[in-house]
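Each chain, letter by letter, is given below.
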Amino acid sequence: MSFDEVITQLQGLLGAQHVLHRPEDLMLYEYDASVDKGTPGAVVFPSTTEEVAALVRLAHRAEVSVVPRGAGTGLSGGSISRDRGIVIVFTRMNRILEVDVANRRAVVQPGVVNLDLSAAVARYGLYFAPDPSSQKACTIGGNVAENSGGPHTLAQGVTVNHVTGIEVVLGTGEIARFGGKCIDTCGYDVTGYFTGSEGTLGIVTEITVKLVRKAEAVATLLAIYNTVDEGANSVVEITAEGITPTALEMLDGLTLRTVEEATHAGYPMDSGAVLLVELEGLREEVEEQAALVRGVCMRNGAREVRRAKDETERALLWKGRKNAFAAIGRLAPSYYTQDGVVPRSKIPQTLRYIAEVSKKYGLTIANIFHAGDGNMHPAILFDLRDPDQLKRTVAAGADILAYCVSLGGSITGEHGVGMEKNALMPLLFNETDLDVMHRLHDAFNPGVLNPQKVFPTPRSCRETGSASLPPELRRRP
Amino acid sequence: MNDQGVVSGLEAELTGILGNEHVMPCQSNLVIDGIHTQLCVEPATAQEVADVLRVANDRKLTVIPAGGFTHQGYGNVPPRADLVLRTTRLSGIVYYDAGDLTIGVRAGTRLADVQNAVAEHRQVFAVEAARASRATVGGALATASHGPRKHSTGGVREFCVGLEFVTGDGQIAKAGGRVVKNVAGYDLMKLLIGSHGTLGIITSANFRLMPAARQTATFMAEFRTIGEAVAFRERVVKSPLSPISLELISPFAEGVSGQSPKAWTVAIKAGGSDAVLARYRGELGEDLSRELRDANEAALWSSVVEFPATMLQLNQRAMLLDVHMPAASLEPALTEAEKAATAHGFIFSAVGRAAVASLTLALSPLPGDPPSVTQYVNALSAIRAACPADGAVIVRNCPSEVKKHIEPWGSAREVESMRRVKRTLDPNDVLNRGRFLP
């Protein structure tokens, strides 16, 4: 089937107004929040599960690939088509189908924006816990595909801990429903297995999620340090003491100064590091834990621990954190963010290693990360126009991830493997491990869904021209 | 070749892998639903497990994976059982990073051993199962076992962060890792947990640990009816309190420590300072009848975990059911289940997680008037009809002759997808053949 014929069939299936195929329209869908690029052959907007299934079947007949896409805020190229395939966008499947307050569940379509769900259920004192920094834009379908995290997942868990059921169009074009309002059902936990599979097993078309009750009290503390080491040691001690913050974020001096200039969040410009600590629970618990956290921070050399007086101050502190990467864009023409994870007891030595890498390659690295679960986000600053800098940047990133793995860590905590880190998978998994995963991939996806992602070797019969740009490279807007 | 010839040829091959002393005739107590297995093997490494499974796979034999043999009541009557593979020698803690609150253990490690090892560091290994001094980590994962802590920590799927396992065709594979946050590769932990040994034999697993509360207290509230108990549960769930456990204990739940035999009891375990515990008292108010501390408290919770084992010990012919349902269905479902059990000649009792709505139901035969097979079958059907489709009613134990007439797993949905997973990881159907899913 020629691609023109594919377009005609897509238009017949969805109506011409729901199919984009002109180059100027397709350009908007060639990237995500990294600058990995790949121009799709067509972009389509289905409105029902049946249409999605028909699209997958059509893709089979036409031998073109299909890539699901939410808001395009992903950080590993998961929603980019590598071989001019069909990109399915869920803008029209954005309804909250049911809010079941008694069972604390919501049933949503994949295009529902993360924060919109929390807003819709706020009147019941409930919210949807996973809170990626992109939560104002990112969709719950995308969260499921990537098993997204966020600052507050330290206490509440990541997306997979909040999904109890899915309806999914398999790579074969069949429609299946797994789980429901109850996660414990008879048979294998396919819901959990599909969550985080990066659109390589099926396309989620309906999701049942848990809703969580808002805590009675919240305290947001800002601990201010002269050195990064003092902050890192505080994280180790907070974890080891058994204190369980709902969020525990760290920003180094370079990052916090940049953030402060951009957002005026109240981070002191002359400090070496800050910890943002949030505690939630009963009033009594929060007060006790706040005192414990303050004690740990002061013992580890904090020069001051501030506490947000009200919701406005709290929101400002978080605004700084959530907009940090946008602010980092002010520092250099481009930056490359890693997503490695280390055991929390190893954070101080990892930060020291990152400082060595920075020296070794002559590159500035800004650190901002989910300290509470050891999820490091070093942002390597560089200029994309300088090929030598680009080469050093990529090498520095690989060094850092290899170090994380050597400590028993991982190459990605929440951004996904996608097309960014698929070549690094052998750092974590041997050939047999990957072969078993391949077999399970093939059981649900004969190849048409999101090819050339997650697995190290290209698995599709089609090959892209080049490996494209190194991932997560961002240009200044 | 006759059967004897098959067995002796097989025995020689297994002895070649494991040595003489780890291939033995199966002990008479390792019987599943009246089915005796000839041989028992005890590999000590993942590689040995893989070598044994390759032999079984080539010969298209059936292997029954087993840990402490405490939860083998699940599933259909095995149509055939050639080998029992015990994880006894695959035991021990691989690493314990107290500072990171993570631990890695081999599958044959007893639950109690892990619980004790981390308790020394004021940490909690939240995997719970009856007979923890025999039950193993691998078995608890395979059966998705859970206890009262599930209320706050979720099931083991929520805190198992990595696995190593051997597929039915003898490949050693791993998924996840050691760290608490990780999205690299497929989450095969989810598939293996609750797969009842049908997809692979788990050889080791890594877990997130929880900090232990500095002190705890348990608040007991007793009610005449299930309706009042569930109304109280709703009060707790809507309050700002976040207890460690929120348990529902029915009348006649024998062996549950200090339980008044005629009441529906809600037991709330809370952790924290004196001020926090005082807050619980304040919030729960006049509904509280008793407060347990120290030894009394520990006795209650251990008897709650032991409930299924106790009920079976008291009556070998009891039928035990694991039920899961959306929280709002609990009251109507339990009301109907109790009626059905009584109508068919059983004494009904139930213990489990009140808010998560995961419970074990026990149907104990009335003394002196043993129910017929038909009565078991009818009671089960009536209970299944009373429980919503969005959940499960799974037979945990029942007399073998009853099993032949029931579907122990209930009606699974999407069976074709499940079979695809099974065929992929165990193409020759070596692992627990015929015991799982229709």
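Treat the numbers as computed from the prediction; the structure is a model and nothing was measured.

**Section: the overall build of chain B**
Here's step 1: Within chain B, the regular secondary structure consists of 13 helices and 19 strands.
Here's step 2: The C-alpha atoms of chain B give a radius of gyration of 22 Å, which matches the 22 Å a tight globule of 438 residues would have.
Here's step 3: Dimensions of chain B, computed from the C-alpha atoms along their principal axes, are close to 75 × 55 × 35 Å.
Here's step 4: A sequence separation of at least 24 residues applies to 72% of the contacts in chain B between residues at least 6 apart.
Here's step 5: Total accessible area on chain B is roughly 15,400 Å²; 50% of this is exposed by carbon and sulfur atoms.

**Description of the interface of chain B and chain A**
Here's step 1: At the interface, 70 residues of chain B touch 83 residues of chain A.
Here's step 2: Overall, the association of chain B and chain A removes approximately 6,200 Å² of surface from exposure, summing both partners, and the carbon and sulfur fraction of that is 56%.
Here's step 3: Counting across the chain B and chain A interface gives ten salt bridges.
Here's step 4: Inspection of the chain B/chain A interface yields 31 residue pairs in polar contact (both at pLDDT 80 or more).
Here's step 5: Looking at the side of chain B that touches chain A, the elements with two or more residues in it are strand 8 (160-167), strand 9 (172-176), helix 6 (188-192), helix 7 (226-238), helix 8 (274-284) and helix 13 (415-425) of chain B.
Here's step 6: Examining the composition of the side of chain B that touches chain A, we find that seven residues originate from one element, helix 13 of chain B, more than from any other.
Here's step 7: Of the residues belonging to the side of chain B that touches chain A, the class tally is 34 nonpolar, 17 polar and 19 charged.

**Remarks on the pattern of salt bridges**
Where charged atoms from two side chains of opposite charge approach closely, those side chains can pair.
Here's step 1: As enumerated under the stated definition, the model contains 53 salt bridges over all chains in all.
Here's step 2: Linking Asp184 of chain A and Lys150 of chain B is a salt bridge whose minimum nitrogen-to-oxygen distance equals 2.8 Å. Placement of Asp184 of chain A in the loop between strand 9 (175-179) and helix 7 (190-194) and of Lys150 of chain B in helix 5 (residues 150-153) is noted, with the two residues assigned to different chains. Both residues of the pair, Asp184 of chain A and Lys150 of chain B, belong to the buried class.
Here's step 3: Where Arg235 of chain B meets Asp287 of chain B, a salt bridge forms, and the shortest distance between an N and an O atom there is 2.4 Å. On the criterion of sequence distance, the pair formed by Arg235 of chain B in helix 7 and Asp287 of chain B in the loop between helix 8 and strand 15 (288-292) is long-range, its members being 52 residues apart.
Here's step 4: Because the salt bridges share partners, they merge into one network encompassing Glu216, Arg283 and Glu284 of chain A together with Arg279 and Glu283 of chain B.

**A closer look at empty space enclosed by the protein**
Over the atoms a probe the size of a water molecule is rolled, and this reveals where empty space is left.
Residues and elements named next belong to chain B.
Here's step 1: Scanning the model with the defined rule gives three cavities of 30 Å³ or more in all.
Here's step 2: Computed from the structure, the largest cavity encloses a volume of approximately 400 Å³.
Here's step 3: Residue lining of the largest cavity: 32 residues in total, with Pro65, Gln72, Gly139, Ala142 and Thr143 positioned closest to the centre.
Here's step 4: Secondary structure elements with two or more residues in the lining of the largest cavity: strand 3 (63-66), helix 4 (137-142) and strand 10 (200-208).
Here's step 5: Here the element with the most residues in the lining of the largest cavity is helix 4; it accounts for four residues.
Here's step 6: Here the lining of the largest cavity is built from residues that sort into 14 nonpolar, 17 polar and one charged.

**Some details on the nonpolar core**
Within soluble globular proteins, side chains that are nonpolar generally end up buried alongside one another.
Here's step 1: Formed by 89 residues in total, the largest nonpolar core has its most connected members in Leu117 and Tyr193 of chain A together with Leu141, Leu188 and Phe207 of chain B.
Here's step 2: A total of six residues in this core trace back to one element, the largest contributor, which is helix 15 (residues 431-444) of chain A.
Here's step 3: Shared between two domains, this core takes at least three residues from each, and those domains are domain 2 (96-213) and domain 4 (332-473) of chain A.
Here's step 4: For Leu188 of chain B, the contacting residues outside a window of four places in its chain are Tyr193, Val436, Met437 and Leu440 of chain A together with Leu163, Phe165 and Ala175 of chain B.
Here's step 5: Counting 53 residues, the second-largest nonpolar core is a separate cluster that includes Trp264, Tyr280, Ala350 and Val395 of chain B.

**Some details on the packing of aromatic side chains**
All names here are of chain B.
Here's step 1: Scanning the entire structure with this criterion turns up 16 aromatic pairs over all chains.
Here's step 2: Ring centres 6.2 Å apart and planes at 10° place the aromatic pair Tyr74 and Trp409 in the stacked group. Linking Tyr74 in the loop between strand 3 and strand 4 (83-86) with Trp409 in the loop between helix 12 (400-403) and helix 13, this pair joins segments that are 335 residues apart in sequence.
Here's step 3: With relative accessibility at 7%, the residue Tyr74 sits in the buried group.

**Digging into the confidence of the model for chain A**
Here's step 1: Taken as a whole, chain A shows an average pLDDT of 92; of its residues, 95% reach a score of 70 or greater.
Here's step 2: Note that residues 459-477 of chain A has pLDDT below 50 and, in this model, 60 contacts with residues that lie over four places away or in other chains.

**Looking at the packing of helix 1 (residues 3-14) of chain A against helix 3 (residues 49-62) of chain A**
All names here are of chain A.
Here's step 1: Where helix 1 contacts helix 3, the two axes come as close as 11 Å, and the packing angle between them is 165°. On the basis of their axis angle, the class for helix 1 and helix 3 is roughly antiparallel. Viewed along their axes, helix 1 and helix 3 form a crossing whose handedness is right-handed. Only Glu51, Ala54, Leu55, Leu58, Arg61 and Ala62 of helix 3 make contact with helix 1, whose side of the interface consists of Val6, Gln9, Leu10, Leu13 and Leu14.
Here's step 2: Here the contact of helix 1 with helix 3 is composed, by residue class, of eight nonpolar, one polar and two charged.

**Focus on the domain arrangement of chain A**
Residue and element names in this part refer to chain A.
Here's step 1: Looking at chain A, the domain boundaries give domain 1 (3-89), domain 2 (96-213), domain 3 (217-327) and domain 4 (332-473).
Here's step 2: Here the C-alpha centroids of domain 3 and domain 4 sit 27 Å apart.
Here's step 3: Across the contact, 17 residues belong to domain 3 and 20 residues belong to domain 4.
Here's step 4: Summed over both sides, the interface between domain 3 and domain 4 buries roughly 1,500 Å², with carbon and sulfur atoms accounting for 66% of that surface.

The rules behind each value
Residues numbered from 1 in each chain as written. Chains lettered and ligands numbered in written order. Predicted model: local features only at pLDDT ≥ 70, side-chain atom pairs only at ≥ 80, totals over all residues. Heavy atoms only, no water. Helix = DSSP H or I, 4+ residues; strand = E, 2+ residues; numbered from the N terminus. Rg over C-alpha atoms; globule rule 2.2 N^0.38 Å. Contact = heavy atoms within 4.5 Å. Areas by Shrake-Rupley, 256 points an atom, 1.4 Å probe, with all protein chains shown as cover. Buried area = accessible area lost by both parts, 1.4 Å probe. Salt bridge = Lys/Arg side-chain N within 4 Å of Asp/Glu carboxyl O. Polar contact = N/O pair within 3.5 Å; in protein donor to acceptor, adjacent residues only side chain to side chain. Nonpolar A, V, L, I, M, F, W, Y, C, P; charged D, E, K, R; others polar. Buried < 20%, exposed > 50% of the residue type's maximum accessible area, 1.4 Å probe, protein only. 1 Å grid on protein atoms, 1.4 Å probe; cavity = no way out; pocket = protein on both sides within 12 Å on 5 of 7 lines; lining within 4 Å. Points joined across faces, edges and corners; volume = space filled by probe spheres on them. Core = buried A, V, L, I, M, F, W, Y, C linked by side-chain atoms within 4.5 Å. Domains from an automatic or database assignment. Phe/Tyr/Trp six-rings, centres within 6.5 Å; stacked < 30°, edge-to-face > 60°. pLDDT = per-residue confidence, 0-100. Axes fitted to C-alpha atoms, helices over the stretch in contact; angles between N-to-C directions. Parallel < 35°, antiparallel > 145°, perpendicular 65-115°, else oblique. Left-handed = near helix turned anticlockwise from the far one by under 90°.

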